[in-house]
Amino acid sequence: MIKVLQMGMGTASRRGGIEEYLINQYRYSLCHGIQYDFIYLQSGPMAFEDEIKKQSNIFYLPERRKYPFRYYINLIRLFRHLSKENYQGIVMNMGGLSHASPLLLAKWYGIPVRIAHSHTGGTETPLGWGRRFMYYFNRKITLYSATELWACSKRAGQYLFHVDNVKVIRNGIDVDHYVYDSGLRDSKRKELGLSGKFVIGHVGRFSPVKNHFFLLTLFRSFHIQHPDSVLFFVGDDSNLDAYDGYVRKVKEYIHEHGLESSVIFTGYTSDVSSYYQVFDIFLFPSISEGLGLVSIEAQTSNLPCIVSSCVPEEVIITQNIRRISLDDQEEWLDAMNCFFAVRVERKNNKDLLFEKGYDASVTMQMIAKYWKEMVKYV
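So, here is what we can say about the structure in this document. Given the structure is predicted, the values throughout are model-derived calculations rather than measurements.

1. Details of the packing of helix 8 (residues 212–225) against helix 12 (residues 329–341)
Between two packed helices, the angle of one axis relative to the other and the distance separating the axes together describe the packing.
Okay, step 1: As a packed pair, helix 8 and helix 12 sit with axes 10 Å apart at the nearest point and diverge in direction by 50°. When the axes of helix 8 and helix 12 are compared, the pair comes out oblique. In the crossing of helix 8 with helix 12, the sense of the turn from one axis to the other is right-handed. For the pair helix 8 and helix 12, the contacting residues are F214, T217, L218, S221, F222 and Q225 in the first and Q329, W332, L333, M336, N337 and F340 in the second.
Okay, step 2: Partitioning the contact of helix 8 with helix 12 into residue classes produces seven nonpolar, five polar and no charged.

2. As for the pairing of strand 10 (residues 263–267)
Okay, step 1: Note: strand 9 (residues 229–234) against strand 10, four bridges, orientation parallel. Bridge pairing in strand 10 places V234 opposite G267.

3. A short note on the sheet that holds strand 5 (residues 113–118)
Okay, step 1: The parallel open sheet is built from seven strands, whose spatial order is 3-2-1-4-5-6-7. Each edge of the sheet is formed by a strand with only one pairing partner; in this case those strands are strand 3 (58–61) and strand 7 (167–168).
Okay, step 2: As judged from the two bridges shared by strand 6 (residues 148–151) and strand 7, these two strands associate in the parallel manner. In the strand pairing of strand 7, A151 is matched with V168.
Okay, step 3: Its contacts with the sheet place helix 1 (residues 17–29) against strand 1 (2–7), strand 2 (34–41), strand 4 (89–94) and strand 5, and it is angled at close to 150° to strand 2.
Okay, step 4: Across the sheet, helix 14 (residues 360–374) is in contact with strand 1, strand 2, strand 4, strand 5, strand 6 and strand 7; its angle to strand 2 comes to roughly 95°.

4. A few points about the sheet that holds strand 8 (residues 198–203)
Okay, step 1: Within the open sheet, the six strands sit side by side as 10-9-8-11-12-13. Their pairing is parallel. Strands at the two margins of the open sheet, each flanked by one partner only, are strand 10 and strand 13 (321–324). Adjacent strand axes in the sheet meet at a mean angle of 20° when their direction is disregarded.

5. Here's the deal with the state of the cysteines
Should the sulfur atoms of two cysteines be covalently bonded, the bond is a disulfide.
Okay, step 1: Overall, the coordinates contain zero disulfides when judged by the stated rule.
Okay, step 2: We note that C305 lacks a disulfide partner, and the nearest cysteine sulfur, in C338, lies 15 Å from it.

6. Things to note about the pattern of salt bridges
For side chains bearing opposite charge, pairing can occur when the charged atoms are close.
Okay, step 1: Scanning all chains against the criterion turns up twelve salt bridges.
Okay, step 2: When the shortest N-O distance is used, the salt bridge between E51 and R27 registers 2.9 Å. One end of the pair, E51, is in helix 2 (residues 49–53); the other, R27, is in helix 1, and 24 residues separate them in sequence.
Okay, step 3: Of the residues examined, E51 reaches a relative accessible area of 28% and is grouped as partly exposed.
Okay, step 4: Take R27: its relative accessible area is 40%, and that puts it in the partly exposed class.
Okay, step 5: K66 serves as the salt-bridge partner of E63, at 4.0 Å between the closest nitrogen and oxygen.
Okay, step 6: Residue classification places E63 among the partly exposed residues on the basis of a relative accessible area of 23%.

7. Considerations on helix 12
Okay, step 1: For helix 12, which comprises 13 residues, the first-to-last C-alpha distance of 18 Å matches the rise-based estimate of 18 Å (1.5 Å per residue) to within 8%.
Okay, step 2: Turning to helix 12, its buried residues are W332, L333, A335, M336 and F339. Down the axis of helix 12, the buried set is contained in an arc of 160°. They therefore lie on one face. Turned more than 90 degrees from where helix 12 packs its buried face, E330, C338 and A341 sit exposed.
Okay, step 3: Considering only its buried residues, helix 12 is in contact with strand 8, helix 8, strand 11 (281–284), strand 12 (305–308) and strand 13.

About the cut-offs
Residues numbered from 1 in each chain as written. Predicted model: local features only at pLDDT ≥ 70, side-chain atom pairs only at ≥ 80, totals over all residues. Heavy atoms only, no water. Axes fitted to C-alpha atoms, helices over the stretch in contact; angles between N-to-C directions. Helix = DSSP H or I, 4+ residues; strand = E, 2+ residues; numbered from the N terminus. Parallel < 35°, antiparallel > 145°, perpendicular 65-115°, else oblique. Left-handed = near helix turned anticlockwise from the far one by under 90°. Contact = heavy atoms within 4.5 Å. Nonpolar A, V, L, I, M, F, W, Y, C, P; charged D, E, K, R; others polar. Pairing = 2+ DSSP bridges. Disulfide = S-S within 2.5 Å. Salt bridge = Lys/Arg side-chain N within 4 Å of Asp/Glu carboxyl O. Buried < 20%, exposed > 50% of the residue type's maximum accessible area, 1.4 Å probe, protein only. Expected span 1.5 Å × (residues − 1). Arc of directions from axis to C-beta.

In structure tokens:
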């Protein structure tokens, strides 16, 4: 059994691409003779905690920003303990470069395979001089400490590590969970009272990088032309103070422009897949993305997608996805109107996702092969 530490799993309330990537991979790991254990920085219940606890260890650390001294003391103690537990590797799943010390400690305490895995193509907050220095410093630590550099796309690797020699790992999903189901679409639309409505959807956390105001501006123009259109925001909108009150500002904008009856907030849901069935079109105008896993999920059911050109080209799987610059709102509206005028026939894209390597079982098969090669001489 190959024992691997995974670091980077976030909280249940802010579940995103990294969390989905890890759990999809985790569910196939034991079948390939790999034991994943997790190091978690506490800031609430860990995503998928109950499921993971059944067959893996979770090592808890204090939240770094709130308790920095306790965090670093406990981190050193943890790695001192882990050095005696015969772990062959550690993967640090990185959404930024705010810290890199676990990789350095893993090197010092003799964990032989150390992987830095980039899941981001940009930052959520502007990089001032302080953050620029921190990123520069932690990048140096990462490049010194890591034995392998992985990324969810070429762009994500270049952004975080400033090098080209990264291994691109597909973010595999549970394809069966997202395939198109006409019966589910009809029942869910009936449940939500969407008969006769053209449904525009977005899935993602409420942060500036997801560019909700651009989406709302588009929707206002589109809604004037098509009054039966509605916009769904799928994601946790409960924290009104996060990102300088970003959610509050979004809701104020909706109120000021009289869109309350046409913009629906679902709140946190563990059943995102059913909303892809409901949507008629999926919009993803992110300012930056490491990959944009939700656009992969949406295409599994052949949902028409329009994404920004800031989303990596790797997301293009079907013929019904458009990548458009954020500088050209008219082109976005034209694409929306095209999909409105000519409705795409929804179908099961399972075979296509397998072929492109985006099924979790295929991804884990490839990763297991990498691990067996990396630890062969350890």
